[in-house]
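# Working through the structure, step by step
What follows is each chain in one-letter form.
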Amino acid sequence: MPKLFDIHPLVLDKDIATALGLNEAIILQQVHYWLEINKKHKRNCHKSRYWTYNTIEEWREEFPFWSTSTVKRTFKRLRDRKIIIVDNFNTFQMDRTLWYTIDYEELEKIMEKSLNTKEYQNNTMKGSKEIVEDNQNDTMEESKMNPALPETSTEITTEISNQSISQSIDRDGNTKRNMKKDTKKERHIDRQTTQKKKTNLDYETIIKRCELYAIDEKYRDAVAHAIKLLLLDIEKSKWIKIGDNYISAETVKKDVNKLNFFTVEHTVNKFKEASKAIRIRNPIAYLKVCIYNSINEMTVDIDSRLRYEG
């Protein structure tokens, strides 16, 4: 039987994974691995720290089980927590490859806080563990004795209504017609409810795809609200005002379906730049315009910057 580790494996510390997250622990360990190699060979030392450099795509090759966006988001979360420090020590200005190092002091503080919290929770839960387990067992037994109620659906409502109509034929023709009207009303209400659920689902899907938890915390609620207003505009109007232009709701709808984490991140960066230059009187409305514009301008903006700096 072959050995499990024939090549250098990815490893992680379970306490770090508990404190920071599984993805963060894996990436942090790999960065540390390269830093130690550079330290051993006394290379890539800047500002009294050892560094390693890679593009996101090169990092992606080290983690083939993740997508590029997952790698990027994980690095961003580590940077936001000030555990990973990023800088640029490239010889040529056009080289945009980032250099990475670890703030071990910051990591130590976070781990110490996490371990203290874990110890407190363990001490608190120790005395009540048996009670909790007993309650969980009781709950499982009760669930076996008392099966869950069947889910109410449109099909059940329709079936009951049809039975009532059949029974009413022998009694009163007027009652039959009234029951048919009631059934039509019920179906109309069901269709309206389904449409509303579909709208909500679309909004939730877009918000999930945008992964707002990974952007600056101060902007999360505002971005979510701006996206919601944009969807309401699409639902209510045939033409939507974006800045000084009017765009058809169908066009806006197709563009909004392209929203993702990268466009939202670009939006926040553009908003921050604008707020330094001008006074924004209606931040949510301005943010809504930024969101829509970012969908199509992000690629062009990045390309223009690369050409300018190159």
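Throughout this description, residue numbers start from 1 for each chain and increase along the sequence as written. Residue-level local features of this predicted model are given only where pLDDT is at least 70; pairs of side-chain atoms are given and counted only at 80 or more, and the full residue set underlies all totals for whole chains, interfaces and linings. Based on all heavy atoms of the structure, the side-chain values leave hydrogens and waters out of the count.

Moving on: the overall build of the protein chain. Put simply, DSSP marks the helices as runs of H or I at least four residues long and the strands as runs of E at least two long, and each gets a number from the N terminus on. Secondary structure assignment for the protein chain yields 12 helices and seven strands. The buried label goes to any residue with under 20% of its type's maximum accessible area, the exposed label to any with over 50%, and the partly exposed label to all in between, with areas taken from a 1.4 Å probe on protein chains only. Across the 310 residues that make up the protein chain, the buried fraction comes to 28%. Residue contacts are counted whenever heavy atoms from the two residues lie within 4.5 Å of one another. Within the protein chain, contacts between residues at least 6 apart in sequence are counted, and of these 61% link residues at least 24 apart.

By definition here, a salt bridge exists when the distance from a side-chain nitrogen of Lys or Arg to a carboxyl oxygen of Asp or Glu is within 4 Å. Under the defined criterion, the tally for this structure stands at eight salt bridges. For Lys 47, the salt bridge goes to Asp 87, with nearest N and O atoms at 2.8 Å. On the criterion of sequence distance, the pair formed by Lys 47 in the loop between β1 (45-46) and β2 (49-50) and Asp 87 in strand β4 (residues 84-87) is long-range, its members being 40 residues apart. By relative accessible area, Asp 87 is classed as partly exposed at 22%. In this structure, the salt-bridge partner of Asp 80 is Lys 76, at a minimum N-O distance of 3.1 Å. One end of the pair, Asp 80, and the other, Lys 76, are both in helix α4 (residues 68-80), four residues apart, so they sit about a helical turn from each other.

The next subject is the environment of Ile 291. By the element assignment, Ile 291 lies in helix α12 (residues 283-309). Sequence separation of Ile 291 and Val 223 is 68 residues, and the distance between their C-alpha atoms is 8.2 Å. Once you skip the residues sitting within four places of it in the chain, Ile 291 turns out to touch Val 223, Ala 226, Ile 227, Leu 230, Leu 259 and Thr 267.

Once that is clear, we can look at the sheet that holds strand β3 (residues 52-54). Through backbone hydrogen bonds, the strands of a sheet pair up, either in parallel or in antiparallel fashion. Read from one edge of the open sheet, three strands run β3-β5-β4, paired in antiparallel fashion. Every other strand in the sheet has two partners, leaving β3 and β4 as the edge strands with one partner each. Sheet twist, expressed as the mean angle between neighbouring strand axes with direction ignored, is 35°. The strands that helix α2 (residues 22-40) touches are β3, β4 and β5 (98-102); relative to β5, the one it contacts most, it runs at about 95°. Criterion used throughout: strands pair if DSSP finds at least two bridges between them. Here, axes are lines fitted to C-alpha atoms. For helices the fit covers the stretch in contact, and angles between N-to-C directions go from 0 to 180 degrees.

Below, the discussion takes up the confidence of the model for the protein chain. Confidence per residue, as judged by the predictor, is encoded in pLDDT with a range of 0 to 100. The predicted model of the protein chain has a mean per-residue pLDDT of 75, with 66% of residues at 70 or higher. Across the protein chain, the element-wise mean pLDDT spans from 41 in helix α7 (residues 154-168) up to 96 in β2. For residues 127-172, every residue scores under 50 in pLDDT, and the model assigns this stretch 15 contacts once sequence neighbours within four places are set aside. Every residue in residues 193-201 scores below 50 in pLDDT, and together they form one contact with partners more than four places removed in sequence or on other chains.

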